[in-house]
Amino acid sequence: MAPSDKPYRVYRGGRSKGNVPLKRKSGASNRRDAASADRAASSTHRFRVPHLGLRHGGWKRRTLFGFILLLVLILVWAVAGYLSLSSGADKANARLGASAKRALTPTHGLMLSNTSNILVLGTDHANTAERRGIQHSDSMMIVHTDPSRHRIVYLSIPRDLRINVPTHGWDRINTAFQFGGAALAIKTVAGYTGLPINHVIVVDFSQFRQLIDALGGVDINVPKPILSNPFGCPFTAARCATWHGYRFAKGLQHMNGQRALVYSRIRENQLDPSETDITRGARQQQVVQAVLSKITSPTTMIKLPWLGDDLLKPMATDLSAAQLMQLGWIKLRASSTLHCRLGGDSQSFGGALEIAPSEDNYSVIQMVEGTTPARAPDISSSQYAPGCSKGTMLP
């Protein structure tokens, strides 16, 4: 045997890394491959909802359910509040005569986007011998809204202002309501001021007590201490014999219905004999403004489902429920509030003291419209001087 020959053979070989391949049955492999293909095909056509944790009572599910429930409650509250306010507005519209509605100047568009003039007439038919049968408007005021400039202006009109009442001649301006109701009052005020009257609110002070109590009272800033003349004594006859009158301290006060009604009816302040009938009218307008502010406040809006039908009981108006809500929004957004008044000089006509109109009244109308800057009344020239102020308009 040759030296290079070996008694064995050397084989060089091997396999690639990995598991040892085994021979499998072709049938089982084909079935698995087909099942995988079916699952892949079905997954492409099936919509997969992302997992939001809504199963098994997750917190996201509870939050979503609570949010939907809150939206439903808000919707129900809004519908109930509007229906309640709409019911009260319909009754207040019915209390306003058709002649008064015809005397108004219609507006085109929403109050939210157009200027409006609202005439507010306050009547106080107290059941007393000296006032029985009297239908004068004790308080007259124009509320001018200017939503484009976020302004609200309150224009006070003295009830003793002597002007030419249509079809009745020269007389005090408040007699227009006595002669022809709200319709003639609208025509008289519009004719003198030159302002188109778009809406009217007739307020009965004798019914204000219940309304103010339903609103939870009103806040009124009393400018100075008051000791009224003794009227409407709430005590026994023996105590009333020594009673001196109602007292009001200076400053902001929260008043219930009875207290606010007494405040609006004070004719004399024993602590300040210089007060005039304009002062009494200003007090009445304070009460009216306070009530209107409370009616259109967010707090009252929340209570609409329970109060809506009662809010307008002391009023007769042409304003609809939607317009009242627009008025509330305008007031909420107003960044400027101006208090103005017409005036003149006190003179005697037929033995009665009346106010002869001042030529400056026309300048005040321009201040109301915003075409000229506001100017305060010149009290040194006359205690009935016309003008405007950003504070409460009291002489």
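Please refer to the structure placed before this passage.
As the structure is a computational prediction, the values presented were derived from the model and not from experiment. Per chain, residue numbering runs from 1 following the sequence as it is written. Per-residue local features of the predicted model are confined to residues with pLDDT of at least 70, and side-chain atom pairs are confined, for both listing and counting, to 80 or more; whole-chain, interface and lining totals are unaffected and use all residues. No hydrogens and no water enter the side-chain calculation; it runs on all heavy atoms of the structure.

Asker: Can you walk me through empty space enclosed by the protein in this structure?
Answerer: Rolling a probe over the atoms, with the probe sized like a water molecule, indicates the empty space that remains. Put simply, the grid is 1 Å and covers the protein atoms alone, a cavity is a trapped set of points that fit a 1.4 Å probe, a pocket is an open set with protein on both sides within 12 Å along at least five of seven lines, and lining residues have an atom within 4 Å of a point. Grid points are joined across faces, edges and corners, and a volume is the space filled by probe spheres set on the points. In this structure the tally under the stated criterion is 3 cavities of 30 Å³ or more. Quantified by volume, the largest cavity comes out at close to 200 Å³. Ile201, Leu292, Ser293, Thr296 and Leu327 are the residues nearest the centre of the largest cavity, which is lined by 18 residues in total. Elements represented by at least two residues in the lining of the largest cavity include exactly strand E1 (116–123), strand E3 (151–157), helix H8 (277–295), strand E11 (315–317) and helix H11 (321–333). Basically, the charged four are Asp, Glu, Lys and Arg, the nonpolar ten are Ala, Val, Leu, Ile, Met, Phe, Trp, Tyr, Cys and Pro, and anything else, Gly included, counts as polar. In terms of residue class, the lining of the largest cavity is made up of 13 nonpolar, 4 polar and 1 charged. Its volume calculated, the second largest cavity comes out at about 60 Å³. As for the second largest cavity, its lining consists of Leu85, Ile295, Thr296, Met301, Leu304, Leu311, Leu312 and Leu324. Residue classes in the lining of the second largest cavity are distributed as 7 nonpolar, 1 polar and no charged. Counting from the N terminus, the helices are DSSP H or I runs at least four residues long and the strands are E runs at least two residues long.

Asker: I tried to follow the nonpolar core on my own but got confused; where do I start?
Answerer: As a rule of thumb, nonpolar side chains are buried together in soluble globular proteins. Core analysis: the largest hydrophobic core is formed by 47 residues, its most contacted members being Phe248, Val287 and Val291. Among the elements that line this core, the one with the most residues is H8, at 6 residues. In contact with Val287, other than residues within four places in its own chain, are Phe205, Phe208, Ile212, Ile220, Ala260, Tyr263 and Ser264. If you look at the next biggest cluster of nonpolar residues, it comprises 37 residues, including Val189, Val202, Tyr384 and Cys388. To qualify as a nonpolar core, a set must consist of buried Ala, Val, Leu, Ile, Met, Phe, Trp, Tyr and Cys residues joined through side-chain atoms within 4.5 Å. The rule is simple: take the accessible area with a 1.4 Å probe, protein chains only, and divide by the maximum for that residue type; under 20% is buried, over 50% is exposed, in between is partly exposed. Note on contacts: a residue pair qualifies if any of its non-hydrogen atoms lie within 4.5 Å across the two residues.

Asker: Explanation requested: the packing of helix H7 (residues 257–265) against H8 in the structure shown.
Answerer: When two helices pack together, their arrangement is given by the angle between the helix axes and by the axis-to-axis distance. Only the contacting stretch of a helix is used when fitting its axis, a line to C-alpha atoms as for every element, and angles between N-to-C directions run 0 to 180 degrees. Running from N to C, H7 and H8 cross one another at 155°; their axes reach a closest spacing of 7 Å. Accordingly, the angle class assigned to the pair H7 and H8 is roughly antiparallel. The residues of H8 that touch H7, namely those facing Ala260, Tyr263, Ser264 and Arg265, are Arg280, Arg283, Gln284, Gln286 and Val287. Throughout this description, any angle smaller than 35 degrees is read as roughly parallel, any larger than 145 degrees as roughly antiparallel, any in the 65 to 115 degree range as roughly perpendicular, and the remainder as oblique.

Asker: Is there a simple way to explain the state of the cysteines in this structure?
Answerer: Formally, a disulfide is one covalent bond, and it connects the sulfur atom of one cysteine to the sulfur atom of another. A pair of sulfur atoms, both from cysteines and within 2.5 Å, is called a disulfide here. Tallied over the full model, the rule gives 2 disulfides. Here Cys233 is linked by a disulfide to Cys240, with a sulfur-sulfur distance of 1.8 Å. Around the S-S axis, the bridge from Cys233 to Cys240 shows a dihedral of about -90° and counts as left-handed. A relative accessible area of 23% means that Cys240 is categorised as partly exposed. Between the sulfur of Cys340 and that of Cys388 lies a disulfide, 2.0 Å long from S to S. Looking down the S-S bond of the Cys340 and Cys388 bridge, the torsion is 110°, so its handedness is right-handed. With Cys340 in strand E12 (residues 336–341) and Cys388 in strand E15 (residues 387–389), the pair connects residues that are 48 residues apart, well separated along the chain. Pair check on accessibility: Cys340 and Cys388 agree, each one buried. For the protein, the bonded cysteines pair up as 1-2, 3-4 when numbered in the order they occur along the sequence.

Asker: Looking at this model, I keep getting lost on unusual backbone geometry. Mind explaining?
Answerer: For residues other than glycine, phi is negative in most cases, and the peptide bonds are mostly trans. Of note in the backbone geometry, His150 takes a positive phi value of approximately 55° without being a glycine. With respect to the secondary-structure elements, His150 resides in the loop between strand E2 (139–146) and E3. Overall, the relative accessible area of 27% leaves His150 in the partly exposed class. For Thr167, which is not glycine, the phi dihedral falls at a positive 70°. With respect to the helices, strands and loops of the structure, Thr167 is situated in the loop between strand E4 (162–165) and strand E5 (169–172).

Asker: Just checking my understanding: could you explain the packing of aromatic side chains for this structure?
Answerer: Here a Phe, Tyr or Trp ring, Trp counted by its six-membered ring, pairs with any other such ring whose centre lies within 6.5 Å, and the pair is stacked when the planes are under 30 degrees apart, edge-to-face when over 60, and tilted otherwise. Throughout the structure, instances matching the rule amount to 6 aromatic pairs. Where Trp243 meets Tyr246, the ring centres are 4.8 Å apart and the plane angle is 85°; that geometry is what we call edge-to-face. Just as Trp243 is buried, Tyr246 falls in that class too. Every member of this aromatic cluster is reached through a ring pair, and the members are Phe231, Phe235, Trp243 and Tyr246. Its guanidinium or amino end placed over the ring of Phe349, Arg162 lies 4.3 Å from that ring's centre, counting from NZ or CZ. For the cation-ring pair, Arg259 lies above Phe248, with the distance from its terminal atom to the ring centre recorded as 3.8 Å. Placement of a positive charge over a ring is assigned whenever Lys NZ or Arg CZ falls within 6 Å of the ring centre and within 35 degrees of the normal to the ring plane.

As far as function goes, none of this settles anything; it's purely spatial.
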